[in-house]
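Listed below are the residues making up each chain.
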Amino acid sequence: MNIAKPNSYRSGPDEAGHFGIFGGRFVAETLMPLILDLEKAYAVAKADPAFQAEMNGYLKNYVGRPSPLYFAERLTEHLGGAKIYFKREELNHTGSHKVNNVLGQIMLARRMGKKRIIAETGAGQHGVATATLCARFGLECVVYMGAVDVERQQPNVIRMEMLGAKVFPVQSGTRTLKDAMNEALRDWVTNVHNTFYCIGTVAGPHPYPTLVRDFQSVIGNETRVQMQEVEGRLPDSLVACIGGGSNAMGLFHPFLDDPSVEIFGVEAAGHGLTQLHAASIAGGRPGVLHGNRTYLLMNEDGQIQDAHSISAGLDYPGIGPEHSWLHEIGRVKYLSATDDEALEAFQLLSRLEGIIPALEPAHAIAKVMELAPKRAKDHLMVVNLSGRGDKDVPQVGDILKGKKK
Amino acid sequence: MTTRIDTRFAELKKQGRSAFVTFLMAGDPDPATSLEIIKALPKAGADVIEIGMPFTDPMADGPSIQAAGLRALNGGMTLKKTLELVRGFRKGDDATPIVLMGYYNPIYIYGVDKFLSDAKTAGVDGLIIVDLPPEEDEELCKPALKAGLNFIRLATPTTDDKRLPAVLANTSGFVYYVSITGITGAAAADTKAVSEAVARIKRHTRLPVCVGFGIRTPDTARAIASHADGAVVGTALVDALKASLDSQGRATAKTVNAVADLVASLAQGVRGAQQAAE
């Protein structure tokens, strides 16, 4: 593709929130003043050392950061190629990377005087993280979750309710993450005066893709330091799964300007790219939804299509706008893994490393199983283990039982 | 550039009354019935016709209009067929303004330039695109003005005096004041708050101001119309249409009249209003 390479891959977005042609602020007028306020509040907070210091305190003592960079010795031996490290985001409080972003947004909401927090959730990890921090700071919490996801991720629904959140099962559309996001936006339009919308991924109207990326960049920043400590150099490749793409962006962004680092994002290929799937870059094209222009799954009339993934957290027909840009400009390679490949990786990791991963990062592991054997033994590969699999145990157990029959 | 919208509001001003603006979804419940309904609207008392362009993910709409969009899409409605619907209507009516209302993605995918040219040819007069605030004016608003179509902007209770000039800058035809912070079909707006908001907007523009969201009955329509240049009713009409369908969601012999009768009674409400003081 003939797109001029920028001097830096890390300087975006522009003032209007664009990464190349992607991003922007495609929202109803009712929300526009609030989005402009949020942008201002974030700029002030970002420049305030007290904000960062307070956040670092909670990241250390409440979330449990830094998360370890772990050498996956048995997986490395098994695959017989690259030296594989896991960034252990699944060890964070609440069990995934989601808490990094939620902490930042809740602290912003507090600065803005908002007392009511709403969130959408797919797998429930973002909902649990939001419910957790709302409990911690005494804020009202409402979580929208597709009715299909409420069924398949029951453990997280129970957790959110225990933490004091109200969970609304969304019955409209395909009853998954995209519809949860529509419903959260409807709530926000209605309660705009007192409500902060805590978006769970690097998508939505500007400034969300930027601020979520910034809050998640702690993942990549720690990885740089930790890899320097154990191996004395930068990693050679990074791999992460992508629904909206926040765990991936958090790992990737600090390395975008290091040309020696190969970067792979892994979308969910569901039943396969010629059937129902959730791989927006592999099977979609640029369009406008949920406040931003980005790659979307849609039909020839611009109607959004149903996504499918075994993993509720990846079951979304879009992707963050910065990923769309990184794809078009060629800095990140986007691959995809099917439901079956993810299930196989889920089981392999459980048995080889004693780590039950969430189905989301199992997609990343599935591609590591292809990439690592082709790489030299001194190749350093980092995988973002973005969440733990406790929430998926009932679902995967049922699937495996069904397969044996 | 004078559009049918400008002409219509000028006529109504002479008559000393407010406009009754109707909203229905294109292709609900099927393209043929939808055309019959739209054709019946002017006679029943609609002064301006808004036609929804169905979209899978209508973020600012309540359950009624969401369901109407899905009925239309399930019936095979597309943006191309929506333009055909307008063309069909124009064969018998060259005066009633038609405004297309919806979301940006189907237009973006159709192609902005091709859409504007096809819409103009079909007889469309204006556009209301919910997810295109002034910050995104380069996308469609400015090209639409160039193509001779009105771009009608939504102003809301959160649009304060500081922001109003930006919202009104490229607006033409009329201003659509969304009377509540919320989605379509939500609770009715407070008449006093609406009248203050309309007065506030009128300090910034000479364009007509129409008010929508939350108007369901002839009484509310009358109350709102007496404080504004027009009252918009959507959800109530969509609900009446839905109530006339059979158990499979198909049109019945009653469908066209169910909508036309409600339009007639709401139009009487609007016509009973005192024109807002200038």
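Note: the structure precedes this text.
Along each chain, residue indices are assigned from 1 in the same order as the chain's sequence is written. Starting at A for chains and at 1 for ligands, labels are handed out in the order in which the entities are written. Reporting in this predicted model follows two pLDDT cut-offs: at least 70 for local features of residues, and 80 or more for side-chain atom pairs to be given and counted; totals over whole chains, interfaces and linings ignore these cut-offs and use all residues.

Visitor: Help me out: how do you make sense of the overall build of chain A in this one?
Guide: Helix and strand content of chain A: 16 helices and 14 strands. C-alpha atoms define the radius of gyration, and 2.2 Å times the number of residues to the power 0.38 defines the globule rule. The C-alpha atoms of chain A give a radius of gyration of 19 Å, which matches the 22 Å a tight globule of 405 residues would have. Its C-alpha atoms put chain A at 55 × 55 × 50 Å along the principal axes. Any residue whose C-beta has 12 or fewer other C-beta atoms within 10 Å is treated as exposed, any with 20 or more as buried, and any in between as partly exposed, C-beta atoms being built from the backbone. Here chain A, with 405 residues, has 61% of them falling under the buried criterion. Residue pairs qualify as contacts under a 7 Å threshold applied to their C-beta atoms, which are placed from the backbone. When contacts within chain A are restricted to residue pairs at least 6 apart in sequence, those whose partners lie at least 24 apart make up 75%. Strands are runs of DSSP state E lasting at least two residues, helices are runs of H or I lasting at least four, and both sets are numbered from the N terminus onward.

Visitor: Which parts of the structure should I look at to understand the overall build of chain B?
Guide: A tally of helices and strands in chain B yields 12 helices and 9 strands. Against the globule reference of 19 Å for 278 residues, chain B gives a C-alpha radius of gyration of 17 Å, in line with a compact fold. Principal-axis analysis of the C-alpha atoms gives chain B an extent of 50 × 40 × 35 Å. With 278 residues in all, chain B has 56% of them scored as buried.

Visitor: Looking at this structure, how should I read the interface of chain B and chain A?
Guide: Often, the extent of an interface is quoted as the loss of accessible area on bringing the components together. Taken together, the contact between chain B and chain A spans 34 residues of the former and 27 residues of the latter. Only helix 3 (63-74), helix 5 (104-110) and strand 6 (154-155) of chain B provide two or more residues apiece to the side of chain B that touches chain A. Among the elements that take part in the side of chain B that touches chain A, helix 5 of chain B stands out by supplying 6 residues, more than any other. Three classes are used, and their members are as follows: Ala, Val, Leu, Ile, Met, Phe, Trp, Tyr, Cys and Pro are nonpolar, Asp, Glu, Lys and Arg are charged, and the others, Gly among them, are polar. Looking at side-chain class alone, the side of chain B that touches chain A contains 19 nonpolar, 9 polar and 6 charged residues.

Visitor: Explain the packing of helix 2 (residues 31-44) of chain B against helix 12 (residues 255-271) of chain B to me, please; I cannot follow it from the model alone.
Guide: Geometry of a packed helix pair, given as the angle between the helix axes and the separation of the axes. All names here are of chain B. Running from N to C, helix 2 and helix 12 cross one another at 25°; their axes reach a closest spacing of 9 Å. Judged on the interaxial angle alone, helix 12 and helix 2 are roughly parallel. Crossing handedness for the pair helix 2 and helix 12: right-handed. Taken together, the residues of helix 12 that come into contact with helix 2 (itself represented by Thr33, Glu36, Ile37, Ala40, Leu41 and Ala44) are Thr255, Val256, Val259, Ala260, Val263, Ala264 and Ala267. When grouped by side-chain class, the residues that make up the contact of helix 2 with helix 12 number 10 nonpolar, 2 polar and 1 charged. As a rule, the C-alpha atoms of each element are fitted with a line to give its axis, helices using only the stretch in contact, and angles between N-to-C directions run from 0 to 180 degrees. For this classification, under 35 degrees means roughly parallel, over 145 means roughly antiparallel, 65 to 115 means roughly perpendicular, and everything else is oblique. Note on convention: the crossing is left-handed when the near helix lies turned anticlockwise from the far helix by less than a right angle, right-handed when the turn is clockwise.

Visitor: I'm lost on helix 15 (residues 359-371) of chain A in this one. Help?
Guide: Note that an α-helix has 3.6 residues per turn; residues three or four places apart therefore point the same way. Residue and element names in this part refer to chain A. To estimate the expected span of a helix, count its residues, drop one, and scale the result by 1.5 Å. The terminal C-alpha atoms of helix 15, which comprises 13 residues, lie 19 Å apart, in line with the 18 Å expected from a rise of 1.5 Å per residue. When helix 15 is considered as a whole, its buried residues turn out to be Leu359, Glu360, Pro361, Ala362, His363, Ala364, Ile365, Ala366, Lys367, Val368 and Leu371. At its buried positions, helix 15 is contacted by strand 4 (83-87), strand 9 (237-241), strand 10 (262-270), strand 13 (333-338), helix 14 (339-353) and strand 14 (380-384).

Visitor: Please explain the sheet that holds strand 6 (residues 140-146) of chain A as it appears in this structure.
Guide: The pairing of strands in a sheet happens through backbone hydrogen bonds and is either parallel or antiparallel. Residues and elements named next belong to chain A. On the basis of which strands lie adjacent, the open sheet formed by 4 strands has the order 7-6-5-8 and parallel pairing. Two strands bound the open sheet, and with one partner strand each, they are strand 7 (166-170) and strand 8 (195-197). Strand-to-strand, the axes of this sheet are offset by a mean angle of 25°, without reference to chain direction. Bridge count for strand 5 (residues 116-121) against strand 8 is 3 bridges, and the pairing is parallel. Pairing of Arg116 across the sheet is with Thr195, part of strand 8. Two strands are counted as paired when DSSP detects at least two bridges linking them.

Visitor: Whenever I open this one, unusual backbone geometry confuses me. Can you help?
Guide: Excluding glycine, a negative phi dihedral is what most residues carry, and trans is how most peptide bonds are arranged. With omega at 0°, the peptide bond leading from A:Arg65 into A:Pro66 counts as cis. A cis amide bond links B:Asp28 to the next residue, B:Pro29, at an omega of -5°. You can see B:Pro29 is positioned in the loop between strand 1 (19-25) and helix 2. Although it is not a glycine, A:Thr94 sits at a positive phi angle of roughly 80°. Mapped onto the elements of the fold, A:Thr94 is located in the loop between strand 4 and helix 4 (98-111).

Visitor: Is there a simple way to explain the sheet that holds strand 4 of chain A in this structure?
Guide: Residues and elements named next belong to chain A. Spatially, 3-4-14-9-10-13 is the arrangement adopted by the 6 strands of the open sheet, whose pairing is mixed. What marks the edges here is a single partner per strand, and that holds for strand 3 (69-71) and strand 13. On average, each strand axis in the sheet is inclined to that of its neighbour by 30°, with strand direction left out of account. In terms of strand pairing, strand 3 meets strand 4 through 3 bridges, oriented antiparallel. Residue pairing in the sheet places Phe71 in a bridge with Tyr85 of strand 4. On the sheet, helix 14 packs against strand 10 and strand 13 and is oriented at approximately 80° with respect to strand 13. Helix-sheet contacts for helix 15 involve strand 4, strand 9, strand 10, strand 13 and strand 14, and the interaxial angle to strand 9 is about 140°.

Visitor: For this particular structure, what's the right way to read the pairing of strand 4 (residues 126-129) of chain B?
Guide: Consecutive residues of a regular strand have side chains that alternate between opposite faces of the sheet. Residue and element names in this part refer to chain B. Side chains Gly126 and Ile128 project from strand 4 onto one buried face, and the interleaved Leu127 and Ile129 project onto a second face that is buried too. As judged from the 4 bridges shared by strand 3 (residues 98-102) and strand 4, these two strands associate in the parallel manner. Bridge assignment links Met101 to a residue of strand 4, and that residue is Ile128. As defined by bridge partners, strand 4 adjoins strand 5 (residues 150-151) across 2 bridges and the pair is classed as parallel. Residue Gly126 lies in a different strand from strand 5, and its bridge partner there is Asn150. The path from the first strand over the helix to the second decides the hand: if it runs clockwise while the strands point away from the viewer, the crossover is right-handed. In this fold, strand 4 hands off to helix 7 (residues 141-146), which returns the chain to strand 5; that crossover is right-handed.

Visitor: Would you mind going over the pairing of strand 8 (residues 209-212) of chain B with me for this structure?
Guide: Residue and element names in this part refer to chain B. Across the two faces of strand 8 the burial is the same, with Val209 and Val211 and Cys210 and Gly212 all buried. Of the pairings in the sheet, the one linking strand 7 (residues 175-178) to strand 8 comprises 4 bridges and is parallel in character. If you follow Val178 over to strand 8, its bridge partner there is Gly212. Relative to strand 9 (residues 230-233), strand 8 runs parallel, the two sharing 2 bridges. Pairing of Val211 across the sheet is with Ala231, part of strand 9. Remark: the strand 8/helix 10 (residues 218-225)/strand 9 crossover connection has right-handed handedness.

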